[in-house]
Amino acid sequence: MTKIPEVANEVDMFMKKWVSVPDELLIAKFYNWGGAIKNEQLDFNHHKIQCEYLWNEMRITWDGDIPLCCWDYESTIKLGNAKNTSLCDV
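Residues numbered from 1 in each chain as written. Predicted model: local features only at pLDDT ≥ 70, side-chain atom pairs only at ≥ 80, totals over all residues. Heavy atoms only, no water.

A count of helical and extended segments in the protein chain gives 1 helix and 4 strands. The N-to-C order of helical and strand elements in the protein chain reads β-α-β-β-β. Sequence-distant contacts in the protein chain: of pairs separated by 6 or more residues, those separated by 24 or more amount to 27%. (Helix = DSSP H or I, 4+ residues; strand = E, 2+ residues; numbered from the N terminus. Contact = heavy atoms within 4.5 Å.)

Next up, the structure:
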C-alpha cells in the first residue's frame, strides 16, 4: 500500500486485513520521483533519496532493461539488458 492523503485513514484497516497473509507487508511513502509527479496536496520538501538496495537487489523491467537503481522507474541509467547481457556481466 502506498500511503497518500486520500487513503491515510485506511492504513490501520489495511494492516489488520493483510498482516497475516504475505511474508512481508509494506506501507510505502509516496515519492515524487525527482519532481516528475506534480500534486499540490503532497509535501515533497525532502532530500533526494539514495538507492538503499543498490548492493543487494537488482531490478529488471518488463522489457529486460536493468536500471542502476530501483527508483529509476524509467530506466534512465541502464546497466544492461537481461535479454542480451548475462547478469554476471551486469
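Moving on, we come to a nonpolar patch on the surface. Taken together, the side chains of Leu-54, Trp-55, Leu-68, Ile-77 and Leu-79 present a nonpolar region at the surface, about 550 Å² in accessible area. Tracing the sequence through the fold places Leu-68 in the loop between strand E3 (65–67) and strand E4 (78–81). (Patch = residues over 30% accessible without salt bridge, like charges linked within 9 Å, V, L, I, M, F, W, Y side chains within 5 Å. Areas by Shrake-Rupley, 256 points an atom, 1.4 Å probe, with all protein chains shown as cover. Salt bridge = Lys/Arg side-chain N within 4 Å of Asp/Glu carboxyl O.)

Here Asn-81 is to be found in strand E4. Accessibility expressed as a relative area gives 13% for Asn-81, which makes it buried. Within the structure, the side chain of Asn-81 is placed 3.2 Å from the backbone oxygen of Asp-63, a separation counted as a polar contact. Apart from the residues within four sequence positions on either side, Asn-81 is in contact with Asp-63, Gly-64, Asp-65 and Ile-66. (Buried < 20%, exposed > 50% of the residue type's maximum accessible area, 1.4 Å probe, protein only. Polar contact = N/O pair within 3.5 Å; in protein donor to acceptor, adjacent residues only side chain to side chain.)

Attention now moves to the confidence of the model for the protein chain. In this model, the protein chain carries a mean pLDDT of 79, and residues with pLDDT of at least 70 account for 76%. Of all helices and strands in the protein chain, the one with the weakest mean pLDDT is strand E2 (residues 28–29) (77), whereas E4 scores best (92). (pLDDT = per-residue confidence, 0-100.)

This part covers the environment of Asn-81. Through-space distance from the C-alpha of Asn-81 to that of Gly-64 is 5.1 Å; in sequence the pair is 17 residues apart. A polar atom in the side chain of Asn-81 sits 2.8 Å from the backbone nitrogen of Lys-83.

Under the counting rule described, the total for this entry stands at 2 salt bridges. Between Glu-57 and Arg-59 there is a salt bridge whose closest N-O contact spans 2.5 Å. A relative accessible area of 35% places Arg-59 in the partly exposed class. With a shortest N-O distance of 3.7 Å, Lys-78 and Asp-65 are connected by a salt bridge. Separated by 13 residues along the polypeptide, Lys-78 in strand E4 and Asp-65 in strand E3 bring together distant segments of the chain. Classification of Asp-65 by relative accessible area gives buried; the value is 13%.

Positioned with a positive phi, Ser-75 is a non-glycine residue whose angle comes to about 50°. By the element assignment, Ser-75 lies in the loop between E3 and E4. The buried category is assigned to Ser-75, whose relative accessible area is 6%.

On to the environment of Lys-29. Counting through the fold element by element, Lys-29 comes out in strand E2. Judged by relative accessible area, which is 61%, Lys-29 ranks as exposed.

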